[in-house]
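# Survey of secondary and tertiary structure
For reference, the chains in residue letters:
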Amino acid sequence: GAGVSQSPSNKVTEKGKDVELRCDPISGHTALYWYRQRLGQGLEFLIYFQGNSAPDKSGLPSDRFSAERTGESVSTLTIQRTQQEDSAVYLCASSARINGELFFGEGSRLTVL
Amino acid sequence: DQQVKQNSPSLSVQEGRISILNCDYTNSMFDYFLWYKKYPAEGPTFLISISSIKDKNEDGRFTVFLNKSAKHLSLHIVPSQPGDSAVYFCAASRVPDDMRFGAGTRLTVKP
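Notes on the structure in this doc start here. (Residues numbered from 1 in each chain as written. Chains lettered and ligands numbered in written order. Predicted model: local features only at pLDDT ≥ 70, side-chain atom pairs only at ≥ 80, totals over all residues. Heavy atoms only, no water.)

This brings us to the overall build of chain A. A tally of helices and strands in chain A yields zero helices and ten strands. Over its C-alpha trace chain A gives a radius of gyration of 13 Å, about what one expects of a compact globule, namely 13 Å for 113 residues. Principal axes of the C-alpha set define a box for chain A whose edges measure 40 × 30 × 25 Å. A total of 113 residues make up chain A; the buried ones form 50% of that total. In chain A, of all internal contacts separated by at least 6 residues, the share reaching a separation of at least 24 is 54%. (Helix = DSSP H or I, 4+ residues; strand = E, 2+ residues; numbered from the N terminus. Rg over C-alpha atoms; globule rule 2.2 N^0.38 Å. Buried < 20%, exposed > 50% of the residue type's maximum accessible area, 1.4 Å probe, protein only. Contact = heavy atoms within 4.5 Å.)

Put into structure tokens, the structure is as follows:
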């Protein structure tokens with residue numbers, strides 16, 4: 001499709017396991033964002049990629065979180081040694097330009113038991 | 001740090017009336033502001049934006065007002081419709097940095 005695609009849509013894992021979430025942005029979009037939404041809370045910024053610049057990792061909550069993006073394509077968000085507090089919907093968004101409108105995927109719902 | 005704040009977690013309005021959603025920000029360097037709308041089980045979708053050089057932007061039933069001196073913006077929906085019921089997120093950014101969101105306000109428009 002033409003929108004932002006995220007996978008998996010749902011992931012249930014046991015505490016301590018690693019998880020990897022994938023985001024396929026809209027083709028040609030140079031900016032890619034990861035946000036997290038915990039139950040009943042707002043959108044929490046995690047990380048931002050803009051072209052080939054160094055990513056802004058200021059929102060990552062701990063060193064268990066990391067993200068990669070290859071060029072201007074797919075991004076993966078990895079959470080190591082998951083904790084119950086990591087349970088949330090992880091949203092990816094892409095944009096054609098700085099300050100441009102963000103197009104969001106439907107999110108990956110992570111449940112850590 | 002909460003640079004963008006939406007202090008009202010919910011708002012209920014009668015159909016046909018005006019809905020006013022508020023947003024405050026702390027970073028005076030923000031120069032672009034947006035509102036997003038989110039339905040359950042879907043990602044947020046863009047609604048309307050405003051640049052810091054303006055104080056008002058209108059798109060149909062939706063108007064965003066920006067008061068830079070007060071670091072405050074608001075979204076007006078007139079007239080409100082039941083289909084407007086959703087969570088509304090305020091967002092702010094500054095070139096060339098990332099976009100920050102508020103906690104959201106759940107709007108319920110009653111028929």
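Next up on the list: the interface of chain B and chain A. Opposite the 20 residues of chain B that make contact, chain A presents 19 residues. Summed over both sides, the interface between chain B and chain A buries roughly 1,600 Å², with carbon and sulfur atoms accounting for 59% of that surface. At the boundary of chain B and chain A, one finds zero salt bridges. At the boundary of chain B with chain A, the tally comes to three residue pairs in polar contact (both at pLDDT 80 or more). Those elements giving two or more residues to the side of chain B that touches chain A turn out to be strand S4 (32-38), strand S9 (86-93) and strand S10 (99-101) of chain B. Looking at the side of chain B that touches chain A element by element, the count peaks at four residues for S4 of chain B. A breakdown of the residues in the side of chain B that touches chain A according to their chemical character gives eleven nonpolar, three polar and six charged. (Buried area = accessible area lost by both parts, 1.4 Å probe. Salt bridge = Lys/Arg side-chain N within 4 Å of Asp/Glu carboxyl O. Polar contact = N/O pair within 3.5 Å; in protein donor to acceptor, adjacent residues only side chain to side chain. Nonpolar A, V, L, I, M, F, W, Y, C, P; charged D, E, K, R; others polar.)

Relative to the helices and strands, Arg100 of chain B resides in strand S10. Taking the relative accessible area as the measure of exposure, Arg100 of chain B reaches 18% and is therefore buried. Among the polar contacts made by the side chain of Arg100 of chain B, one reaches the side chain of Ser58 of chain A at a distance of 3.4 Å.

Let us now look at the environment of Ser53 of chain A. Residues and elements named next belong to chain A. The topology assignment puts Ser53 in the loop between strand S5 (44-50) and strand S6 (65-69). Residue classification places Ser53 among the partly exposed residues on the basis of a relative accessible area of 46%. Note: C-alpha distance between Ser53 and Ser27 (26 residues apart in sequence) is 18 Å.

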